[in-house]
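An overview of the molecular structure
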Amino acid sequence: AAYTLDLPPELKKRRIHPTFHANLLREYIESDDMRFPGRQLPETSQLNDLAFETTVHEIVGYRWNEKRPVFFVTWSDGLTTQEDYATVAQLQAFDDF
């Protein structure tokens, strides 16, 4: 089973695919201050254009979608996204694929 999430605009800008397999999702459990007093959670960095720079690591596969190929691209930060032909055609990783 897979779930499609309504992602915040910052993640949509990074072109993160909104569909995740159920095995990757976990229920949110709020921190219990009574059990862990004074516990400091690490601050999360804000997602913006300057915070992350990623490059294409490799193209790992493709599938046909309405008579057009859609390519699965793995990025240097470990994420895999689906990209259309126009996006990947000029990449060195496409030549290596």
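Refer to the structure presented above.
Residues numbered from 1 in each chain as written. Predicted model: local features only at pLDDT ≥ 70, side-chain atom pairs only at ≥ 80, totals over all residues. Heavy atoms only, no water.

Turning to the overall build of the protein chain, a few remarks are in order. When helices and strands are counted, the protein chain shows 3 helices and 5 strands. Shown N-terminal to C-terminal, the secondary structure of the protein chain runs as helices and strands in the order β-α-β-β-β-β-α-α. Residues classed as buried in the protein chain amount to 15% of the 97 residues present. Of the contacts formed within the protein chain by residues at least 6 apart in sequence, a portion of 23% connects residues at least 24 apart. (Helix = DSSP H or I, 4+ residues; strand = E, 2+ residues; numbered from the N terminus. Buried < 20%, exposed > 50% of the residue type's maximum accessible area, 1.4 Å probe, protein only. Contact = heavy atoms within 4.5 Å.)

We now examine the pairing of strand β3 (residues 56-65). Here β3 pairs with strand β4 (residues 68-75) via 8 bridges, running antiparallel. Looking across to β4, one finds that R63 is bridged to V70. Here β3 hands over to β4 after 2 residues, with E66 in that stretch at a positive phi of 55°. (Pairing = 2+ DSSP bridges.)

With that settled, the discussion passes to a nonpolar patch on the surface. Together, Y62, W64 and F97 give the surface a local cluster of nonpolar side chains, amounting to about 390 Å² of exposed area. Within the fold, W64 resides in strand β3. By relative accessible area, which is 56% here, W64 ends up exposed. (Patch = residues over 30% accessible without salt bridge, like charges linked within 9 Å, V, L, I, M, F, W, Y side chains within 5 Å. Areas by Shrake-Rupley, 256 points an atom, 1.4 Å probe, with all protein chains shown as cover. Salt bridge = Lys/Arg side-chain N within 4 Å of Asp/Glu carboxyl O.)

Let us now look at the side chain of T74. Tracing the backbone through its elements, the reader meets T74 in strand β4. Using a relative accessible area of 13% as the deciding quantity, one classes T74 as buried. Not counting the four nearest positions on each side in its chain, T74 is found in contact with V56, H57, E58, V60, L79 and T80.

So, about the packing of aromatic side chains. Counted according to the given criterion, the structure contains 4 aromatic pairs. With 6.5 Å between their ring centres and 45° between their planes, F71 and Y85 make a pair best called tilted. On the criterion of sequence distance, the pair formed by F71 in strand β4 and Y85 in helix α2 (residues 85-88) is long-range, its members being 14 residues apart. We classify F71 as buried; its relative accessible area is 5%. Given the relative accessible area of 43%, Y85 is considered partly exposed. Note on F71 and F94: the rings are 5.5 Å apart at their centroids and 85° apart in plane angle, and the pair reads as edge-to-face. Note that F71 is positioned in strand β4 and F94 in helix α3 (residues 92-96), a separation of 23 residues in sequence. Three or more aromatic residues joined by ring pairs form one cluster here, namely Y62, F71, Y85 and F94. (Phe/Tyr/Trp six-rings, centres within 6.5 Å; stacked < 30°, edge-to-face > 60°.)

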